[in-house]
Amino acid sequence: MSAHQELAAVSVDTDTTPLQSKRPTKRNDSGELVVDDHGNRKKMDNYQSVYAMWDPDKPVQWSCCEIVLLFFAWLICAVIPVFWFCMFRTVRDYERALIFRLGKVKGGAEGPGVFLINPLTDNIVVVDLRIETYNLPPQDMMTKDAVTVTVDAISFMKVIDPILAVLEVDDYRFAFRNFSATTLRSVLGTYDLQSLLSERDEINKKIQRIIEDETSLWGVVVPAVEIKDVKLPQNMQRAMAAEAEAERERKAKVVSSMGEVEAAEQLAKAADTISDSPGALQLRYLHTLVKISAEKNSTILFPLPMEIMRGLQAFSSMQEENQLLRRRENKQQLDQIQENLM
């Protein structure tokens, strides 16, 4: 079987894989699977490998030339003791190793533990399965309401399929970092400043969902994406501080005026109660004297009731009216005397 026939057989067997069933596909004249998007915008999974690079259900098939090369390679490694020190490799619990023997993936992801390789024909790639943290570079961008901000964010990444992470992308770490930074810019550009400062959780979930939809095709998942800081220009910070201060002053004045209104209402009720009970004012006066005496003050003010002040005012007005009447009478008498003399 030729190499082209082998690839065609692999592609026919993998027509029903989840990778190709995600969207409509069709075959061209050569029998190759192509994605039928009907004019829609293409995504990363439109550019995935059409042919299966590695099928875990089928063993690797070797040609006669490759079998001969492998035989002599193992013979050389067994005869020459220098190669013995390079034939054993160890992989930790949190790592998996992909062995490329003559350019073909051998046995999927190996590890953890010790395994045997041929230093002449094998190339090994070790993938870390732990969660990795990336500080995305600060992004200078403009929000929806035309405010320039600088956003710092952190993203977490975990490889769940080492084979896809190696076979589907050149450098999955570099690709993840750049795609995360680009997604951060594009998503934050659709929010205004107020939403950016108040809807952090919603924005984080949206960024995480968009990134994971694409990176899952490489065997990479995104546990979380968090915005660490949003830096504003100095003039914008001063403007927002002035606005917040003015808002606090407005609320303080409203609260103070409401307190005065409530106090006036309570004083009016107290005045009505005291007016209904004449003895209440005297009791209040005595209570005030008790408070003043407890503080050992040398000066005591004696308040006078308003009724006494009104009586004094009425008496003084009566005295003034009597004086005016007497002056008028005296003037009339003088006028009569002058007329008699004339």
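The present account deals with the structure reproduced in this document. Computed from a prediction, not measured in an experiment: that's the story for all the values here. (Residues numbered from 1 in each chain as written. Predicted model: local features only at pLDDT ≥ 70, side-chain atom pairs only at ≥ 80, totals over all residues. Heavy atoms only, no water.)

For the bond running from glycine 111 to proline 112, omega is -5°, close enough to zero to count as cis. Among the structural elements, proline 112 can be located in the loop between strand 5 (104–110) and strand 6 (113–116). In this structure, leucine 102 takes a positive phi of about 55° despite not being glycine. Its identity is not glycine, yet alanine 146 carries a phi of approximately 65°, on the positive side. Along the chain, alanine 146 turns up in the loop between strand 8 (132–142) and strand 9 (148–159). Exposure remark for alanine 146: the relative accessible area of 54% places this residue in the exposed category. (Helix = DSSP H or I, 4+ residues; strand = E, 2+ residues; numbered from the N terminus. Buried < 20%, exposed > 50% of the residue type's maximum accessible area, 1.4 Å probe, protein only.)

Pairs can form between side chains of opposite charge once their charged atoms are near each other. Counting across every chain of the model gives eight salt bridges. For glutamate 110, the salt bridge goes to lysine 106, with nearest N and O atoms at 3.9 Å. Judged by relative accessible area, lysine 106 falls into the partly exposed class, the value being 26%. Across the pair glutamate 247 and arginine 250 runs a salt bridge whose closest N-O atoms are separated by 2.6 Å. Residue glutamate 247 and its partner arginine 250 are located together in helix 8 (residues 234–276), separated by three residues, close to a single helical turn. Under the relative-accessibility criterion, glutamate 247 is labelled partly exposed at 32%. (Salt bridge = Lys/Arg side-chain N within 4 Å of Asp/Glu carboxyl O.)

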